[in-house]
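Below are the chains, spelled out letter by letter.
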Amino acid sequence: MANLTSVSGFLLVGFSADRKLQILHALLFLMTYLLALTGNLLIITITTLDHRLHSPMYYFLKHLSFLDLCFISVTVPQAIANSLMNNGYISLDQCILQVFFFIALASSEVAILTVMSYDRYVAICQPLQYETIMDPCACRHAVIAAWVAGGLSGLMHAAVNFSIPLCGEKVIHQFFCDVPQMLKLACSYEFINEIAVAAFTTSTAFICLISIVLSYIRIFSAVLRIPSAEGRTKVFSTCLPHLFVVTFFLSAAGFEFLRPPSDSQSAMDLMFSIFYTVIPPTLNPVIYSLRNEAMKAALRKILSKEEFTQRKMHLKAIFKL
């Protein structure tokens, strides 16, 4: 491996140096990426076309799917290209953009998940005030706040992380520009600002987690008082998928970012990075679709022959105009 101390970019060390394993890794990531792309685009399409799904819950779900689509696109296509070309080099500008968008989208996703838990809390525990509290204007403001907060978080991390002097060879033992891995390249005692920013971000994520937990404690206490078993099943079908997504995403990301850094590459680092970068955007559409009868009914309606014919005729009428 050439000396990289004088190079402006970084070398991303992926899963293996073996060429056959690199091709296998690229194919697996490509299939996963296409699955995530298809699933999230399908949810965005369904929640946009079906007027029965024009409610706050599906409005937030549409934005979550768009976030997932962007989130997985930040890291996976670059990793596929690096494996196929057997070249792990990434320029400084590419790395800065990757860190910015990765942190911004991850932070926005945590914020959206928090808003979604509050939406479920209001719908179940305060149904009479639901339309007043979760009116379209409030939903739009919540989504805008989530995107702005994520953007500010990404900007802080990118600005502070790339102002730190680096010592030694610029080798990142990950398949993307991961902040914890990049901190290992920093000179001693030079990354205190990044630690402060990371502590602020972690504290904010912890507050979001506490809000989600409190919302679900109240939700489950209210659900258990519902006398009808059918009513409890209906509520659980909308809440449990969201709870699973939140737990999986935050636990994997929290483990990776909060555990003490090590000086050597570990298979555990790569495994947990996949758990919070690749798996959630891929599984979210499956989880929300399989457990949600309204989503399945909307999908069947869109894919039906009659609906397809009606939309085709509608498009022809538009183009004639």
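Just above, that's the structure.
What you are looking at is a predicted structure, and each value in this text was computed from that prediction instead of being measured.

1. Structural notes on a nonpolar patch on the surface
The grouping of Ile23, Leu27, Leu30, Leu34, Leu84 and Met85 at the surface amounts to a nonpolar patch, some 530 Å² of accessible area in total. If you list the elements that add at least two residues to the nonpolar patch, you get α1 (19–49) and α2 (56–85). In terms of residues, the nonpolar patch owes the most to one element, α1, which gives four residues. Among the secondary structure elements, Leu84 is positioned in helix α2.

2. Overview of helix α5 (residues 136–161)
If you check α5, its first and last C-alpha atoms are 38 Å apart, about what 26 residues at 1.5 Å a residue would give, namely 38 Å. Within α5, burial applies to Cys139, Val143, Ala146, Gly150, Ser153, Gly154, His157, Ala158, Val160 and Asn161.

3. Remarks on the packing of aromatic side chains
Summed over the entire model, instances satisfying the criterion amount to ten aromatic pairs. An angle of 50° between the planes, with centres 6.0 Å apart, marks the rings of Phe66 and Trp147 as tilted. Residue Phe66 is found in helix α2, and its partner Trp147 is found in helix α5; the two are separated by 81 residues along the sequence. Its relative accessible area of 40% is what places Phe66 among the partly exposed residues. Of the residues examined, Trp147 reaches a relative accessible area of 29% and is grouped as partly exposed.

4. Considerations on the packing of helix α3 (residues 92–125) against α5
Between α3 and α5, the least distance of the axes is 7 Å, while the angle of their chain directions is 145°. The handedness of the crossing between α3 and α5 comes out as right-handed. On the side of α3, the interface is formed by Ile96, Val99, Phe100, Ile103, Ala104, Leu105, Ser107, Ser108, Ala111, Ile112 and Val115, while α5 contributes Ala142, Val143, Ala146, Trp147, Gly150, Gly151, Ser153, Gly154, Leu155, His157 and Ala158. Looking at side-chain class alone, the contact of α3 with α5 contains 15 nonpolar, seven polar and no charged residues.

5. Quick look at the state of the cysteines
For the coordinates displayed, the defined rule picks out one disulfide. Put simply, Cys95 and Cys177 are joined by a disulfide, and their sulfur atoms are 2.0 Å apart. Measuring handedness by torsion sign, the sulfur bridge of Cys95 and Cys177 sits at about -130° and is left-handed. With Cys95 in helix α3 and Cys177 in the loop between β3 (171–172) and α6 (179–183), this pair connects stretches of sequence that are 82 residues apart. Here Cys95 and Cys177 have matching classes, each one buried.

6. A short note on the side chain of His25
Topologically, His25 is positioned in helix α1. In terms of polar contacts, His25 uses its side chain to reach the side chain of Ser83, at 2.5 Å. Other than its neighbours up to four places away in sequence, His25 contacts Phe15, Ala79 and Ser83.

7. Quick look at the sheet that holds strand β2 (residues 89–90)
Pairing within the open sheet is mixed, and its three strands lie in the order β2-β1-β3. Edge positions in the sheet fall to β2 and β3, since each of these pairs with one other strand and no more. Two elements, strand β1 (residues 10–12) and β2, share two bridges in a ladder whose sense is antiparallel. Following the sheet pairing, Phe10 is matched in β2 by Ile90.

Here is what the cut-offs are and how they apply
Residues numbered from 1 in each chain as written. Predicted model: local features only at pLDDT ≥ 70, side-chain atom pairs only at ≥ 80, totals over all residues. Heavy atoms only, no water. Patch = residues over 30% accessible without salt bridge, like charges linked within 9 Å, V, L, I, M, F, W, Y side chains within 5 Å. Areas by Shrake-Rupley, 256 points an atom, 1.4 Å probe, with all protein chains shown as cover. Salt bridge = Lys/Arg side-chain N within 4 Å of Asp/Glu carboxyl O. Helix = DSSP H or I, 4+ residues; strand = E, 2+ residues; numbered from the N terminus. Expected span 1.5 Å × (residues − 1). Buried < 20%, exposed > 50% of the residue type's maximum accessible area, 1.4 Å probe, protein only. Phe/Tyr/Trp six-rings, centres within 6.5 Å; stacked < 30°, edge-to-face > 60°. Axes fitted to C-alpha atoms, helices over the stretch in contact; angles between N-to-C directions. Left-handed = near helix turned anticlockwise from the far one by under 90°. Contact = heavy atoms within 4.5 Å. Nonpolar A, V, L, I, M, F, W, Y, C, P; charged D, E, K, R; others polar. Disulfide = S-S within 2.5 Å. Polar contact = N/O pair within 3.5 Å; in protein donor to acceptor, adjacent residues only side chain to side chain. Pairing = 2+ DSSP bridges.

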